[in-house]
Amino acid sequence: MSLTFRAGLLTITTMRSWSIPHDGPLCLRLAADARLCVPDYADDQIWELKVGGGEPPALTLETTYGLRARSMRIFPSFFWGTRWVTDPTAFSSPPIFRSLLPNYLKVEFDPFPDLHVVAEYWVPDSRTVAGRFTLTNFSSETVPLRLRLHAVLRPGENPRSMSETTIEGAHVLAGHTSQIEPVVFLSGAAMAEEVVYPALAIHEELHPGRTREVSWGHAGLASQHDSFSAARATASRAWDAEIARLEMVNASQVEIETGDADWDAAFVMAQNAALRGYVGPTPRLPHASFVLTRAPDHGYSERGDGKDYGLDWDGQTAAHAYINLAQILPAAPELARGVIRNFLAVQKADGGIDWKPGLGGQRNGSLCIPLLATLTWKIYRQSEDRTFLEETVGGLLEFLEAWFHERQDRDLDGHPEWEHVLQSAFDDWPSFVPWREWGQGLEISKVETLDLASYLYRECQSLILIAEELDRPSLVPALRARMEGLAESVEASWSVEEACYQHRDRDHHVSPTGELLGQGRGSFRVDVDRNFDHPVRVLVRVQGPEGAAQKLKATLRGRSVEGGRRRVFHLQHEDFQWFWERGAATSSITFLSIKNIEIENLSDEFFVETWSADFTRQDQTLLLPLWAGIPDPQRVDHLVQETLLDPKRFWRTYGIPSCSADDPAYAAGRSERAGAVGMLWNTMICEGLIDHGYIQEAVELVSRLMKATITSLRRHHAFRESYDPDEAQAFGDRGHLWGTAPVHLFLQALGVRLISTSRIELRAGNPYPWPVVLRWRGVEITFEKDQCQVTFPNGHQEVVEGEGVHLVEQPN
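Residues numbered from 1 in each chain as written. Predicted model: local features only at pLDDT ≥ 70, side-chain atom pairs only at ≥ 80, totals over all residues. Heavy atoms only, no water.

A short note on the overall build of the chain
Then comes step 1: If you tally the helices and strands in the chain, you get 15 helices and 42 strands.
Then comes step 2: In summary, the chain has a C-alpha radius of gyration of 30 Å against a globular reference of 28 Å for 812 residues, a match within 12%.
Then comes step 3: In the chain, which comprises 812 residues, the proportion classed as buried is 63%.
Then comes step 4: Counting contacts in the chain only where the partners sit at least 6 residues apart, residues at least 24 apart contribute 66% of the total.
Then comes step 5: Looking at the chain as shown, the accessible area adds up to about 29,500 Å², and 46% of this sits on carbon and sulfur atoms.
Then comes step 6: If you average the places of the 78 positive and of the 111 negative side-chain charges in the chain, the two averages end up 2 Å apart. (Helix = DSSP H or I, 4+ residues; strand = E, 2+ residues; numbered from the N terminus. Rg over C-alpha atoms; globule rule 2.2 N^0.38 Å. Buried < 20%, exposed > 50% of the residue type's maximum accessible area, 1.4 Å probe, protein only. Contact = heavy atoms within 4.5 Å. Areas by Shrake-Rupley, 256 points an atom, 1.4 Å probe, with all protein chains shown as cover. Lys, Arg positive; Asp, Glu negative; His and termini not counted. Charge placed at Lys NZ, Arg CZ, Asp CG, Glu CD.)

If you want it as structure tokens, here you go:
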């Protein structure tokens, strides 16, 4: 596979060529690969190759050493005849990327008509980077060849820009920034040149048809001598053997050739991004773990242990793992198994597992989202490693039971509740988010939500499959009982009128509609004088500075359900959740009637609203029973046809939004990601469509998600965390692992399971509009409209036709 860059154009080539338009310079990231080394969690230097852009425009390798420098740029320039050239847009032929791996890039170009260059870039570990230029003279004359390697440092603290120095007889470029002494070494008895941008240079004659190799190395260590030693040693390594090793390790990535060039490029970049996210292990977690964005500005911990990192680097969550592990499974099942082992490594005696264990020993304190058994079964389905199931089943069972303790299931009815909205991973959940103007702010621990029930149901289902695979039937009855209780609770929340499920009050299992009871400024009293058909919770929302609300008191008077008598209930400052001058509190008791509500001890700078809580707002989580496999076929059809595929609710241009398009938050909070397309829930819903036989609908959803990710690649040269459902916009950090193109969904909708090089499971035919070719570890599979052809590494071929799922095996 190759990628060709021109101004505004990227071309990827396998057996033919196609093009992807994009804006501005192309950027591709490189970082140490956890499958080949141990990337340093506390000092991980990440690089970005930029084609064009910058000053001067060049083929530039760039980093900031984790913000210890403003920038460090390394780039070549070439002399032929009478002129120098640096800018790739001025090359005689543009860069063609012949290989694109998580820590290695191979680029070919002709800076002049008769000079061909192969440039390779390789990150062998967290503190070194190396390159090799292979130059060939295709002219009929001997010509003077000059190659310069420039290094431009814009330092941070204790600055010293790159300049020439001599170490052990070798001319190098060296500088200083913060605690780093970067050194650049160029092989071939290079000399320093005094030019605008500091450079090492090679001057020699190149005969017709002859080739010259020049390698270089860079290291950023604490001492200049150590940096020099590492840079020189890296440049001198056996390149061909090292690259052969890289290519062998990466042969397990899935090469996908479709009828759409954009898709193929996105699939390459998605797999690289997913694999490149892994660093560690460390003494605090036994296996490598993923970070959410691995970019040049990340990777340095002033503390030296990573505990000072931000949210993108401070641990692994089950929600992020659900997306990332599916992306890496064909290429690196060992990394996926390691993520599960990391969770189990922090398990407590009561079975609980931390929500976000980090490589620096970080702990979140909340209980992990219950997706671990589901992930374990997915990993097993890919690799069929029974020892992994035997190793993990005990801890997974204990973890499941931890979710049914009273701390999580407060009414002990078999349908647990979240502790807080962030625990759900749906941070901007319109019904529960307290920090958004468009959020209701209902306290989620007082609600039985459908996502948590669906996760737990699927966990039980996965554990039953694991128990059956391990021949442990005694585990099954208790798990089935849990499933039945969860299914009963979920099905009881179905609304015939809405053709959708609904969240329910924790204590009374009803889903009342909310309404405004009263509002005002400062201290006031509102006479409600209302009776209600169902028990309601009162929600009080306050806007104003928290510091001036320390004596806030809200008094609710009415007849409660608890005892049926008249009650006076107080909410005080400590009962409110405060974020960014917004406070929200939910009554712990419910009311059948409310006489009045009184707000005290606030000045007129505060605006207060009082509501009866609304349990009927529709969001993406209400579709998850489809993924869990809870509803019967008739109800599935209602949910899919009347709700999911309704363009006025969820079936939007770029995927399924986080809330229904008719929810008040959808329009009001679009700039703040209300209604954003999140890959976790889109993945689950798409998997549910596939499981229930809605293949064409799943393919259409994959297409919409691909449209979103490809638009982001064009505009931002990177994937983003989430996407706008209606417009070509993206949100969150560049290169975020949660927003990569859904390779796994594409393969699932295609109906293929890559088990081993001699064993493939697939569904005959092809639901996509063009032929698809997959190549994986020497296996090639061609999907036509009505049949598939599998070619195994030994050359044996099988043609598969007919309905259903087929297991194709290479004969012994």
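Moving on from the model shown.
Things to note about the packing of helix α3 (residues 261-276) against helix α4 (residues 318-328)
Then comes step 1: At their nearest, the axes of α3 and α4 sit 9 Å apart, and the two run at 115° to each other. Considering the relative orientation of α3 and α4, their crossing is left-handed. Where α3 approaches α4, its residues A270, A274 and L275 are matched on the opposing element by N324, Q327 and I328.
Then comes step 2: Class assignment for the residues of the contact of α3 with α4 results in four nonpolar, two polar and no charged. (Axes fitted to C-alpha atoms, helices over the stretch in contact; angles between N-to-C directions. Left-handed = near helix turned anticlockwise from the far one by under 90°. Nonpolar A, V, L, I, M, F, W, Y, C, P; charged D, E, K, R; others polar.)

Concerning the pairing of strand β9 (residues 93-101)
Then comes step 1: Bridge count between β9 and strand β10 (residues 104-112): six bridges; the pairing is antiparallel. Note that in β10 the partner of L100 across the bridge is L105.
Then comes step 2: Turn length for the β9-β10 hairpin, with the two strands adjacent in sequence and antiparallel, is two residues. (Pairing = 2+ DSSP bridges.)

Let's talk about the side chain of Q382
Then comes step 1: Along the chain, the position of Q382 falls in helix α6 (residues 372-383).
Then comes step 2: Excluding anything up to four places from it in sequence, Q382 contacts L329, P330, L754, I755 and W776.

Focus on the sheet that holds strand β40 (residues 787-791)
Then comes step 1: Read from one edge of the open sheet, five strands run β20-β38-β39-β40-β41, paired in antiparallel fashion. The open sheet has two edge strands, β20 (255-257) and β41 (797-801), and neither has a second partner. Between one strand axis and the next, the sheet turns through 15° on average, direction left out of account.
Then comes step 2: Note: strand β39 (residues 779-783) against β40, four bridges, orientation antiparallel. If you follow T782 over to β40, its bridge partner there is Q789.
Then comes step 3: Here helix α15 (residues 743-750) sits on the sheet and contacts β20, β38 (772-776) and β39; the angle it forms with β38, its principal contact strand, is near 115°.

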